[in-house]
Amino acid sequence: MNLDAAVLLGFAVAGSAPMVHRAAGRFAGWLLALFPAGLALYFAGLASEVWRGEIVRSSREWVPSLGLALSFHLDGLSLLFSLLITGTGAVVLVYAGGYLAGHRRLGRFYAVLIFFMASMLGLVMAGNLILLFIFWELTSVSSYLLIGFDSEREKARKSALQALLVTGGGGLALLAGFVLLGLAGGSFELAALSGQ
């Protein structure tokens, strides 16, 4: 497996989470937690390379006409955050299975939680500015859905909307800065901009 497959697989697992919940019932949280736990082991296996000062990279063509690729990198900081995201994600999935047992929308909660986790992984490992912006926005949308999960409560709806407005507004400023940086630097790839 490579870095881009790890991130993209997260979105596939998120999409299948409601079906897994219907099929596995009360064991769904444990079953779904195997995915982030497996990713944590995968990232831990890359730690020796990162500790030697190497940067693990993966890339595949995305929009070749614009020179954009689905590029990801793993350095010390992104490794730390990847381990935090996947480790915490596994624990939260197991805990949610018990805490929200019997909730009619638990399958949806699993899906949004894994979607949030995959978005955060993409964010911390993104290798270009456009991809970084996209994962920022996916994190914003998924956090909106998580905060507003209990949508019958007005306070949850208001809090979710407030979070979306703040992150959405910040995202527009971020996009403007990224476009200016990419144009000034001649590339949207972080490795090219940082001279690595």
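Residues numbered from 1 in each chain as written. Predicted model: local features only at pLDDT ≥ 70, side-chain atom pairs only at ≥ 80, totals over all residues. Heavy atoms only, no water.

**Things to note about helix H4 (residues 76–99)**
Spacing of three or four residues puts side chains on the same side of an α-helix, whose turn is 3.6 residues.
And then number 1: Taking 1.5 Å per residue as the helical rise, H4 with its 24 residues ought to reach 34 Å, and the 34 Å between its terminal C-alpha atoms agrees with that figure.
And then number 2: Listing the buried residues of H4 in full gives Ser-78, Leu-79, Ser-82, Ile-85, Thr-86, Gly-89, Ala-90, Leu-93, Ala-96 and Gly-97.
And then number 3: Of the surrounding secondary structure, the elements contacted by the buried residues of H4 are helix H2 (28–45), helix H3 (47–51), strand E2 (68–74) and helix H5 (106–125). (Helix = DSSP H or I, 4+ residues; strand = E, 2+ residues; numbered from the N terminus. Expected span 1.5 Å × (residues − 1). Buried < 20%, exposed > 50% of the residue type's maximum accessible area, 1.4 Å probe, protein only. Contact = heavy atoms within 4.5 Å.)

**Here's the deal with the confidence of the model for the protein chain**
Atom-level detail of predicted coordinates should not be read off regions where pLDDT is low.
And then number 1: Chain-level pLDDT for the protein chain is 86 on average; 96% of the residues reach the 70-or-more range.
And then number 2: In the model of the protein chain, helix H8 (residues 190–194) stands out as the element of lowest mean pLDDT, 74, in contrast to H2, which has the highest, 94. (pLDDT = per-residue confidence, 0-100.)

**Observations regarding the packing of helix H1 (residues 3–24) against H2**
And then number 1: Relative orientation of the contacting elements H1 and H2 amounts to 165 degrees, with a least axis distance of 8 Å. Judged by the angle between their axes, H1 and H2 are roughly antiparallel. For the crossing formed where H1 meets H2, the hand is right-handed. Counted together, Leu-3, Ala-6, Leu-9, Gly-10, Val-13, Ala-17, Val-20, His-21 and Ala-24 of H1 and Ala-28, Leu-31, Leu-32, Phe-35, Leu-39, Tyr-42 and Phe-43 of H2 form the full contact between these two elements. (Axes fitted to C-alpha atoms, helices over the stretch in contact; angles between N-to-C directions. Parallel < 35°, antiparallel > 145°, perpendicular 65-115°, else oblique. Left-handed = near helix turned anticlockwise from the far one by under 90°.)

**Some remarks on the pairing of E2**
And then number 1: Summarising burial for E2: seven of the seven residues are buried, a large majority.
And then number 2: Of the two faces of E2, the one carrying Leu-68, Leu-70, Phe-72 and Leu-74 and the one carrying Ala-69, Ser-71 and His-73 are both buried.
And then number 3: Pairing geometry for strand E1 (residues 56–63) and E2, over seven bridges, is antiparallel. Looking at the pairing, Glu-61 lines up with Ala-69 of E2. (Pairing = 2+ DSSP bridges.)

**What about the packing of aromatic side chains?**
And then number 1: Following the criterion strictly, the structure yields five aromatic pairs and no others.
And then number 2: Relative to Phe-135, the ring of Phe-72 has its centre 6.0 Å away and its plane inclined at 55 degrees; by these criteria the two rings are tilted. One end of the pair, Phe-72, is in strand E2; the other, Phe-135, is in helix H6 (residues 129–147), with 63 residues separating them in the sequence.
And then number 3: On the basis of relative accessible area, Phe-72 is assigned to the buried category, the value being 2%.
And then number 4: Residue classification places Phe-135 among the buried residues on the basis of a relative accessible area of 5%.
And then number 5: Centroid distance Tyr-95 to Tyr-99: 5.6 Å. Interplanar angle 15 degrees. Geometry classified as stacked. Taken together, the residues span about one helical turn, with Tyr-95 and Tyr-99 both in helix H4 at a distance of four residues.
And then number 6: Of the residues examined, Tyr-99 reaches a relative accessible area of 62% and is grouped as exposed.
And then number 7: Joined through ring pairs, the aromatic side chains of Phe-11, Phe-72, Phe-115 and Phe-135 make up one cluster. (Phe/Tyr/Trp six-rings, centres within 6.5 Å; stacked < 30°, edge-to-face > 60°.)

**As for the packing of H2 against H5**
And then number 1: Contact geometry of H2 with H5 gives a least axis separation of 11 Å together with a crossing angle of 10 degrees. What the angle tells us is that H2 and H5 run roughly parallel. Contacts from Ala-28, Gly-29, Leu-32, Phe-35, Pro-36, Leu-39 and Phe-43 in H2 reach Tyr-110, Ile-114, Met-117, Leu-121 and Met-125 in H5.
And then number 2: Of the residues assigned to the contact of H2 with H5, the class counts are eleven nonpolar, one polar and no charged. (Nonpolar A, V, L, I, M, F, W, Y, C, P; charged D, E, K, R; others polar.)

**Here's the deal with the environment of Ser-187**
And then number 1: Within the secondary structure, Ser-187 sits in the loop between helix H7 (154–185) and H8.
And then number 2: Taking the C-alpha atoms as reference points, Ser-187 and Glu-61, separated by 126 residues in sequence, lie 15 Å from one another.

**Considering a nonpolar patch on the surface**
And then number 1: A contiguous nonpolar patch, built from Leu-77, Leu-80, Phe-81 and Leu-84 and spanning about 390 Å² of accessible area, is present on the exposed surface.
And then number 2: Along the chain, the position of Phe-81 falls in helix H4.
And then number 3: The exposure class of Phe-81 is partly exposed, given its relative accessible area of 38%. (Patch = residues over 30% accessible without salt bridge, like charges linked within 9 Å, V, L, I, M, F, W, Y side chains within 5 Å. Areas by Shrake-Rupley, 256 points an atom, 1.4 Å probe, with all protein chains shown as cover. Salt bridge = Lys/Arg side-chain N within 4 Å of Asp/Glu carboxyl O.)

**Some details on the pattern of salt bridges**
Oppositely charged side chains can form a pair if their charged atoms are brought close together.
And then number 1: Enumeration according to the criterion identifies two salt bridges in this entry.
And then number 2: Between Asp-4 and Arg-60 there is a salt bridge, with its nearest N and O atoms 2.3 Å apart. Highlighted residues: Asp-4 in helix H1 and Arg-60 in strand E1, separated in sequence by 56 residues.

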